Amino acid sequence: MNKIVSPVWHPFTQHAIFPEFLEIEYANGAYLYSNDGQQIIDAISSWWVITHGHCHPRLQQAAKEQMERLDQVIFAGYTHEPAERTAKMLIDLTPAGLDYVFFSDSGSTAVEVGLKMALGYWHHQNITRNRVIVMEHSYHGDTIGTMSVGERGVFNQPYNPLLFSVETIPFPTASKEQVTLDTLESKCKQQPEAAAFIVEPLVLGAGGMLMYSADTLWEMKRICEKYDVLFIADEVMTAWGRTGSLFACDQANIVPDIACYSKGITGGFLPLAVTLCHSRIFNAHYSTDRSKTFFHSSSYTANPIACAVAAANLEMWQKDKVKEQIRATAARQTQKLTEMATLESLTNLRQTGTIAAMDIQVSDSGYLSEIGTQLYLRFQKSGVLLRPLGNTIYVLPPYCMSDNDFDTVYGVIAEAIFNLVEA
Ligand SMILES: *Cc1c(COP(=O)(O)O)cnc(C)c1O
């Protein structure tokens, strides 16, 4: 039996394979520093949350000022300035047609709220629509509801009996987009009970950084409109510049009925999430009949410190040169992928905005592929945080990563791949 050295149970971690954990003491910009003095380039933005770099002074300042004024207050029946300011800025920045903001504290809760809004919308109009359409390979979180709308597999096998059933459409692989669209249309047509379609716009993150076109995204929205199926955009990962535009939906020029944002909403500083919706969804719940209340809350809904940091972050999006930084990051990724294309053991080199991904050609692919684990440790020893998804390596950097850092990250990848082939 294993000896207990720490009582901490880590997420998505097999302790029998990874018994040791690097202890990070502090962070700055694109770097993490461990207690044994190692500097590590954070090439996956600490699981996709950091946007402008770690410990950004503007965000630190906002947190400090707010924590001295108001720490936390019940959000049912009360409000506060940081939440009001954040909500107004969100309405300004997000696609026109998203009118209301519901706060929660993680991507999973933002998606749960989105699903509940969609079901409530139909229920309160006495219309029987309660089926959800989803896309193959999607990831929307790890709670029972979000697992239900996500890809079924090794991640959720034990819980499968509890997951609700959904309608699944295939991922729009290049040249097979029409199959996806036709399936969506037939599901909408044959399922008069279809309440909503939920999708990660442009990039399916945890599913393996799978990318599809803005045209397909636009077409999917058009089909949903035709059959009055609510369109839920899970932008928890794709928002905040990752795909090259502020939001992924911007590239397809679509306005979702419901949109979920989290991860980079505070620049990665504090946990916060929002679910935005069209006024018709709010209005379906708006009534003197108390049973139509939107019955959802988290204890820390709209925590004032998290909201103050989010507002400071949104201000940076409005005023600073973040967009230029994103363009520069995307250009560096393009250049590096071109260099990597010469490596024979890599395939499916792909990019959407600031996200770059590539697959290692192996017989044993998929998330449990041994290769990802080996590489992860090798990258860490070389001072780079990368966490391959099975045989997929991806680089999802904060926007402050320097040319030198890019050279180091891709140098380490090339070296690891080379050694893998040699071994
Ligand atoms: C990370 C993620 C979630 C879940 O967010 P948590 O904050 O981890 O609960 C949901 N949807 C997508 C697309 C994600 O990438």
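Residues numbered from 1 in each chain as written. Predicted model: local features only at pLDDT ≥ 70, side-chain atom pairs only at ≥ 80, totals over all residues. Heavy atoms only, no water.

Participant: Residues and numbers for the site of the ligand, please.
Facilitator: Around the ligand, the surrounding shell consists of W48, S106, G107, S108, Y139, H140, G141, E200, D234, V236, M237 and K263. In this structure, an oxygen atom belonging to the ligand sits 2.8 Å away from a main-chain N or O atom of G107. K263 has a polar side-chain atom sitting 2.7 Å from an oxygen atom of the ligand. Against a free-state accessible area of 380 Å², the protein chains account for coverage of 82% of the ligand. (Near = heavy atom within 4 Å. Polar contact = N/O pair within 3.5 Å; in protein donor to acceptor, adjacent residues only side chain to side chain. Areas by Shrake-Rupley, 256 points an atom, 1.4 Å probe, with all protein chains shown as cover.)

Participant: Outline the sheet that holds strand β12 (residues 273-277), supporting the account with residue identities and numerical values.
Facilitator: Strand pairs in the sheet, formed through backbone hydrogen bonds, run parallel or antiparallel to each other. Read from one edge to the other, the open sheet built from 7 strands follows the order β4-β12-β11-β10-β7-β5-β6, with strand pairing classed as mixed. The open sheet is flanked by β4 (100-104) and β6 (167-169), the only strands paired with a single partner. Each strand of the sheet is rotated relative to its neighbour by a mean of 20°, with strand direction disregarded. The pairing of strand β7 (residues 194-199) with strand β10 (residues 230-234) spans 4 bridges and is parallel. Its bridge partner lying in β10, I198 is registered against I232. Lying on the sheet, helix α3 (residues 81-93) is in contact with β4 and β12; it crosses β4 at an angle near 130°. (Pairing = 2+ DSSP bridges. Helix = DSSP H or I, 4+ residues; strand = E, 2+ residues; numbered from the N terminus. Axes fitted to C-alpha atoms, helices over the stretch in contact; angles between N-to-C directions. Contact = heavy atoms within 4.5 Å.)

Participant: Could you give me a rundown of unusual backbone geometry, with the residues and numbers involved?
Facilitator: Although it is not a glycine, S46 adopts a positive phi angle of roughly 50°. Mapped onto the elements of the fold, S46 is located in helix α1 (residues 45-48). Look at S46 and you get partly exposed, because its relative accessible area is 26%. Of note in this structure, N126 is not a glycine but carries a positive phi near 60°. (Buried < 20%, exposed > 50% of the residue type's maximum accessible area, 1.4 Å probe, protein only.)

Participant: Tell me about α3, and name the residues and values.
Facilitator: Spanning 13 residues, α3 covers 18 Å between terminal C-alpha atoms, matching the ideal 18 Å at 1.5 Å per step. For α3, the set of buried residues is P82, A83, T86, A87, M89, L90 and L93. Take α3 and look down its axis: the buried residues cluster within an arc of 165°, on one side only. Residues of α3 that are exposed and point over 90 degrees away from its buried face: K88 and D92. Residues of α3 that are buried sit in contact with α2 (57-69), β4, β12 and α10 (304-319). (Expected span 1.5 Å × (residues − 1). Arc of directions from axis to C-beta.)

Participant: Lay out the nonpolar core in plain terms, naming residues and giving numbers.
Facilitator: Counting 68 residues, the largest nonpolar core has F197, M209, M220, V409 and I413 as its most contacted members. Counting residues per element, this core draws most heavily on helix α13 (residues 403-422), at 8 residues. The residues that make up this core include at least three from each of domain 1 (3-54 + 345-422) and domain 2 (59-319). The residues touching F197, leaving out its near neighbours within four places in the chain, are I133, V134, M135, I169, L184, M220, C224, V229, L230, F231 and I232. Residues L90, W240, F247 and L272 belong to the second largest nonpolar core, which totals 27 residues. (Core = buried A, V, L, I, M, F, W, Y, C linked by side-chain atoms within 4.5 Å. Domains from an automatic or database assignment.)

It is worth stressing that arrangement in space is one thing and function is another; only the former is reported here.
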